[in-house]
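Here's the letter readout for the chains.
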Amino acid sequence: MSNRNKIAIGFIAVVLGVAAYVVYSLAIIVSLNAAVASSDLVSIRQYSGSLTKLSCYLWVNPLETAMTSKDKKAFSLLLELGANPHSSGTEGMPIIHRTCMMSDSFWLSEVLKFGADPNLLWATSHTRRPNRPMLIAMRYDNFHLVPILIQGG
């Protein structure tokens with residue numbers, strides 16, 4: 001077998017491995033989001049080992065799903081099991097910034113409790129100027145969140 005064939009076979013093996021990982025990750029995120037949407041805390045616990053590895057690039061972030069369905073128990077459980085409080089939602093907005101859009105202070109307090117950075121910069125797609133969570137809170141008239149952000153660092 002020539003070196004050219006060996007390289008081609010090696011390349012194909014790598015591509016197949018990456019494709020398998022993407023499909024596997026997609027299946028995990030889809031089933032985890034289904035469990036979050038249905039408030040199935042038992043099923044959510046099954047993903048405790050993989051939550052730290054999951055990121056949201058093309059799919060809905062499980063934390064975002066919990067926020068959308070206003071499921072505080074699922075949101076807390078996801079963070080407790082290792083969901084990344086610095087992960088982004090479907091539009092690229094970090095979860096901490098998204099919590100500052102919500103009037104209920106629970107969401108922000110919870111991500112801060114699990115290590116979210118209250119000074120995290122996010123360059124919006126509109127302005128390309130970095131925004132901090134505090135600016136988002138003020139834009140949405142959630143001034144009651146400002147002291148929580150200050151206390152968080």
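This one's a predicted model, so the numbers in the text were calculated from it and none came from an experiment. (Residues numbered from 1 in each chain as written. Predicted model: local features only at pLDDT ≥ 70, side-chain atom pairs only at ≥ 80, totals over all residues. Heavy atoms only, no water.)

Engineer: Looking at this structure, I do not really get the packing of helix H4 (residues 72–80) against helix H6 (residues 105–113). What am I missing?
Structural biologist: For any two helices packed against each other, the geometry comes down to the angle between their axes and how far apart the axes lie. Close contact between H4 and H6 brings their axes to 10 Å; oriented N to C, the two are set at 10°. In this view, H4 runs roughly parallel relative to H6, as classed from their interaxial angle. Along the contact surface, H4 presents Lys72, Phe75, Ser76 and Leu79, while H6 presents Phe106, Trp107, Glu110 and Val111. Among the residues making up the contact of H4 with H6, the classes are represented as 5 nonpolar, 1 polar and 2 charged. (Axes fitted to C-alpha atoms, helices over the stretch in contact; angles between N-to-C directions. Helix = DSSP H or I, 4+ residues; strand = E, 2+ residues; numbered from the N terminus. Parallel < 35°, antiparallel > 145°, perpendicular 65-115°, else oblique. Contact = heavy atoms within 4.5 Å. Nonpolar A, V, L, I, M, F, W, Y, C, P; charged D, E, K, R; others polar.)

Engineer: Help me out: how do you make sense of the packing of aromatic side chains in this one?
Structural biologist: We describe a pair of aromatic rings using the distance from one ring centre to the other and the angle between the two ring planes. Within the structure shown, the criterion is met by 3 aromatic pairs. Every member of this aromatic cluster is reached through a ring pair, and the members are Phe75, Phe106 and Trp107. (Phe/Tyr/Trp six-rings, centres within 6.5 Å; stacked < 30°, edge-to-face > 60°.)

Engineer: Please explain the pattern of salt bridges as it appears in this structure.
Structural biologist: Considering all chains together, one arrives at 3 salt bridges under this definition. The partner of Lys72 in a salt bridge is Asp104, and the shortest N-O contact between them spans 2.6 Å. In this pair, Lys72 is assigned in helix H4 and Asp104 in the loop between helix H5 (95–99) and H6, connecting sequence segments 32 residues apart. Judged by relative accessible area, Lys72 falls into the partly exposed class, the value being 35%. Classification of Asp104 as partly exposed rests on a relative accessible area of 30%. (Salt bridge = Lys/Arg side-chain N within 4 Å of Asp/Glu carboxyl O. Buried < 20%, exposed > 50% of the residue type's maximum accessible area, 1.4 Å probe, protein only.)

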